[in-house]
Every structure is written in C-alpha cells, then in structure tokens.
Amino acid sequence: MATNDTTLPTTEDEWRVRLSPDEFRVLRQAGTEAPWSGEYVDTKTEGTYDCRACGAALYPSDYKFDSHCGWPSFDDAIPGAIKEIEDRSLGMARVEIRCARCDSHLGHVFRGEHFTAKNTRHCVNSLSIRLEPKA
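The numbering scheme is per chain: residues are counted from 1 as the chain's sequence reads. In keeping with the model being predicted, local features are shown solely for residues with a pLDDT of at least 70 and side-chain atom pairs are shown and tallied solely at 80 or more, while totals for entire chains, interfaces and linings include all residues. Side-chain figures throughout are based on the complete set of non-hydrogen atoms in the structure, without hydrogens or water.

Peer 1: Which residues make up the nonpolar core, and what values do they have?
Peer 2: The set of buried Ala, Val, Leu, Ile, Met, Phe, Trp, Tyr and Cys residues whose side-chain atoms join them within 4.5 Å is what this entry labels a nonpolar core. Burial classes: relative accessible area under 20% of the type maximum marks a residue as buried, over 50% as exposed, and values in between as partly exposed (1.4 Å probe, protein chains only). The biggest cluster of nonpolar side chains holds 24 residues, and the ones touching the most others in it are Leu58, Tyr59 and Ile82. Residues count as neighbours in contact if any of their non-hydrogen atoms are within 4.5 Å of one another. Non-local contacts of isoleucine 82, meaning those with residues more than four positions away in its chain, are made with Leu58, Tyr59, Ala77, Ile97, Arg98, Ala100, Leu106 and His122.

Given below as structure tokens:
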C-alpha cells in the first residue's frame, strides 16, 4: 500500500484515494476531458509539465505548441518519459501515450500532420499533467 506521496500506489483503489474523480477517470481509466476545457490548453508559462499522478517530468514547456485542437499539444517528450501503446478502442488505430513511470494515461500521439518540424503531436489531457513553473 502507498503510504506517502512519494510511494506509487499499487492498486486502483489506492489511486482512487490519491486522485480526484476526474483525474482518476482520465489517468487510470483512459478517459478524455472535453476539448478546450483543460487548464493548460493556452498556457505559455515556462517550466516543465509533470505527470499529475506520479510527478515524473514529461514535457519541457518549449516543446508545447498551439495546434488549435482543444488540448495541450507537444511535439516531443523527455526521452524515456512516456511509452506508446496501440489503441483500437474507437474502431480505429491510434497510439495512446502513457507515463513510463506509473502507466497513467496521458492522451494520444499523432504523426504526419505537419504542425511542427518534428511532425509529431502529443495531444495531452490537462488533467494528466501539472505545470512546474520555471524558477
């Protein structure tokens, strides 16, 4: 059992205690927040976006860009911070992205849209991340 904020929960019941109901739905049940509703859609603050569930650093703010899709978008992640999983849940092939440390759902990654030079868009739920502003 997770006994403090630095120990990761080992059961979904422990995650339910740690996370709000909305955070649990998105992070642990692969839910999606409504477009344009998240706190980080338009944020320009410098810093690092961390996993809201476990605190692992995921995205530097300079990887964030305006995709106008309704969710925060990043053209890359910190190396090793995320893992990709095939997702066929909506009857189509997509790539789900999860935190490599705690396996929490972040969103999906899309390639070939030509938004950035890296040609990649990590479409992330605001409820999956927390901004740690630059000091």
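Peer 1: Break down the sheet that holds strand 6 (residues 94–99) for me, with residues and values.
Peer 2: In this scheme, strands are said to pair when DSSP sees at least two bridges between them. Per the convention used, a helix needs a DSSP run of H or I reaching at least four residues, while a strand needs a run of E reaching at least two, with both numbered from the N terminus. The strand order 3-4-8-7-6-5 describes an open sheet built from 6 strands, whose pairing is antiparallel. If you trace the sheet from one side to the other, it starts and ends with strand 3 (64–65) and strand 5 (82–87), each paired once.

Peer 1: Report on the environment of arginine 52, specifying residues and quantitative values.
Peer 2: Take arginine 52: it is sitting in the loop between strand 1 (47–51) and strand 2 (57–60). Arginine 52 gets classed as buried once you look at its relative accessible area, which sits at 12%. Sequence separation between arginine 52 and glutamate 23 is 29 residues, and the spatial gap between their C-alpha atoms is 8.2 Å. Beyond its immediate chain neighbours, meaning those up to four positions away, arginine 52 contacts Leu19, Glu23, Leu27, Glu39, Tyr40, Ser126, Leu127, Ser128, Ile129 and Arg130. Nitrogen and oxygen atoms within 3.5 Å of one another constitute a polar contact, given that in protein one can donate a hydrogen and the other can accept it, and given that sequence-neighbouring residues count only through two side-chain atoms. Of note is the side chain of arginine 52, whose polar atom sits 3.4 Å from the side chain of glutamate 23.

Peer 1: A description of the pattern of salt bridges should follow, citing residues and the corresponding values.
Peer 2: For this analysis, a salt bridge means a side-chain nitrogen from Lys or Arg found within 4 Å of a carboxyl oxygen belonging to Asp or Glu. Scanning the model with the defined rule gives 14 salt bridges in all. A salt bridge links aspartate 103 to lysine 83; the shortest N-O distance between them is 2.8 Å. A residue pair is termed long-range when its members are at least 10 positions apart, and aspartate 103 in the loop between strand 6 and strand 7 (105–111) and lysine 83 in strand 5 qualify at 20 residues. Taking relative accessible area as the criterion, aspartate 103 reaches 29% and is therefore assigned partly exposed. Owing to a relative accessible area of 33%, lysine 83 belongs among the partly exposed residues under this scheme. Between aspartate 87 and arginine 94 there is a salt bridge, with its nearest N and O atoms 3.2 Å apart.

Peer 1: Any details on the UniProt feature "domain: MsrB" (unreviewed entry) in the chain? Residues and values, ideally.
Peer 2: UniProt positions are given in the numbering used here, feature names are shortened, and annotations may be inferred rather than shown by experiment. As recorded in UniProt, the feature "domain: MsrB" (unreviewed entry) lies at residues 12–134. Taken as a whole, residues 12–134 contains 11% helix and 34% strand, while its terminal C-alpha atoms sit 32 Å from one another.

Peer 1: Can you break down the packing of aromatic side chains residue by residue, with the values?
Peer 2: Pairing of aromatic side chains requires ring centres within 6.5 Å, counting the rings of Phe and Tyr and the six-membered ring of Trp. Pairs whose planes differ by under 30 degrees are stacked, by over 60 edge-to-face, and all others tilted. Across all of its chains, the model carries 4 aromatic pairs by this definition. Residues tyrosine 40 and tyrosine 49 carry aromatic rings whose centres are separated by 5.4 Å and whose planes lie at 85° to one another, so their mutual orientation is edge-to-face. Each member of the pair, tyrosine 40 as well as tyrosine 49, is classed as buried. Taking 6.0 Å as the distance between ring centres and 40° as the angle between the ring planes, the aromatic pair formed by phenylalanine 65 and phenylalanine 115 counts as tilted. Of this pair, phenylalanine 65 sits in strand 3 while phenylalanine 115 is found in the loop between strand 7 and strand 8 (120–124), placing the two residues 50 residues apart along the sequence. The exposure class of phenylalanine 115 is partly exposed, given its relative accessible area of 44%.

Peer 1: Could you give an account of the sheet that holds strand 9 (residues 129–133), naming the residues involved and the relevant values?
Peer 2: The strand order 2-1-9 describes an open sheet built from 3 strands, whose pairing is antiparallel. Bordering the open sheet on either side are strand 2 and strand 9, each of which pairs with just one other strand. For this sheet, the mean inter-axis angle between neighbouring strands, taken without regard to orientation, is 30°. The sheet contact formed by strand 1 and strand 9 spans 5 bridges and is antiparallel. The residue of strand 9 that forms the bridge with glycine 47 is proline 133. Lines fitted to C-alpha atoms define the axes here, with helix axes fitted over just the stretch in contact, and angles between the N-to-C directions of these axes take values from 0 to 180 degrees.

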